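Spelled out, the chains give:
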Amino acid sequence: MSNIVEPPVDPLVLRIAARVRTERERRRWTLAQLADASGVSQAMISRIERGESSPTAVVLGKLSAAFRIGVASLITDAEGGQGAQESVADTPGVRRGAEAAEWRDPGTGYRRRQITGPRFPAEIAEIRLPAGARVPYPAAAFAFVRQLVWVLDGRLTFHDGDAVHELDAGDTIELGAPAERVFANTTDAECRYAVVLTRDTRP
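Residues numbered from 1 in each chain as written. Predicted model: local features only at pLDDT ≥ 70, side-chain atom pairs only at ≥ 80, totals over all residues. Heavy atoms only, no water.

Participant: Talk me through the packing of helix 1 (residues 11-26) against helix 4 (residues 57-67); I want residue IDs and the actual numbers.
Facilitator: The geometry of helix 1 relative to helix 4 is characterised by a closest axis approach of 11 Å and an angle of 30° between their N-to-C directions. Taken together, helix 1 and helix 4 sit at an angle that is classed as roughly parallel. You can see that helix 1 and helix 4 cross each other, and the crossing is left-handed. Side by side, helix 1 and helix 4 meet where Ile-16, Val-20, Glu-23 and Arg-24 of the first sit next to Leu-60, Leu-63 and Phe-67 of the second. Its residues assigned to classes, the contact of helix 1 with helix 4 comprises 5 nonpolar, no polar and 2 charged. (Axes fitted to C-alpha atoms, helices over the stretch in contact; angles between N-to-C directions. Helix = DSSP H or I, 4+ residues; strand = E, 2+ residues; numbered from the N terminus. Parallel < 35°, antiparallel > 145°, perpendicular 65-115°, else oblique. Left-handed = near helix turned anticlockwise from the far one by under 90°. Contact = heavy atoms within 4.5 Å. Nonpolar A, V, L, I, M, F, W, Y, C, P; charged D, E, K, R; others polar.)

Participant: For the sheet that holds strand 1 (residues 102-104), give the residues involved together with the corresponding values.
Facilitator: Taken in spatial order, the 6 strands line up as 1-2-3-10-5-8 in an open sheet, and their pairing is antiparallel. Only two strands of the sheet have a single neighbouring strand rather than two, namely strand 1 and strand 8 (172-174). Strand-to-strand twist in this sheet, taken as the mean axis angle between neighbours without regard to direction, amounts to 20°. Here 8 bridges tie strand 5 (residues 145-153) to strand 10 (residues 191-199), and the two strands are oriented antiparallel to one another. Within strand 10, the residue paired with Val-151 across the bridge is Tyr-193. (Pairing = 2+ DSSP bridges.)

Participant: Report on the pattern of salt bridges, specifying residues and quantitative values.
Facilitator: On inspection of all chains with the given rule, the structure shows 16 salt bridges. Across the pair Glu-126 and Arg-192 runs a salt bridge whose closest N-O atoms are separated by 2.9 Å. Highlighted residues: Glu-126 in strand 3 (residues 123-129) and Arg-192 in strand 10, separated in sequence by 66 residues. For the salt bridge of Asp-168 with Arg-155, the shortest nitrogen-to-oxygen distance reads 2.7 Å. With a gap of 13 residues between them, Asp-168 in strand 7 (residues 163-168) and Arg-155 in strand 6 (residues 155-160) connect regions that are remote in the sequence. What makes Arg-155 partly exposed here is its relative accessible area of 33%. Ionic contacts of the salt-bridge type, sharing partners, join the residues Glu-102, Arg-111, Arg-113, Glu-126, Arg-128, Asp-153, Glu-190 and Arg-192 into one network. (Salt bridge = Lys/Arg side-chain N within 4 Å of Asp/Glu carboxyl O. Buried < 20%, exposed > 50% of the residue type's maximum accessible area, 1.4 Å probe, protein only.)

Next comes the structure, spelled out in structure tokens:
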């Protein structure tokens, strides 16, 4: 008889799984259609939807681009959860740091904590990018949103299409038209930055 104990599944991973499945079914897409639209394999999408695999930031970027929603939406709505968790995230007033779910990219160790609730008119998230980490996103992940990046600590090397910007603590960059973008930390210390995002009517 085996004494191996399976590690518990992160509840946030299960909520992201449900969110991805809901978005796919809302569009009446098959797994094959989503795979074709996103460039993510059917097998990977199936594992994500079953909560058997935690998607990386890159995979979430590809899925959000296919759905034409912001990356934050896949995580933010998942963080809202159901029942008591949803009421905490959705109520104006004080939100304690311990109440905000933190999502960790299993590929890079990138960590993301949602600052605003789901009904606030802007999405604000705090990102911690480990030393040496590099997270690319396709241009479509930035369609229909306006976004600002504000470096809080450390240095962020930000690729905006063909342009490369070295951003230090206190620097900000307001993003323009959708382009392929890369968030990279080429230093030996963690970089912490905030992302402020609002919905736009134009791609």
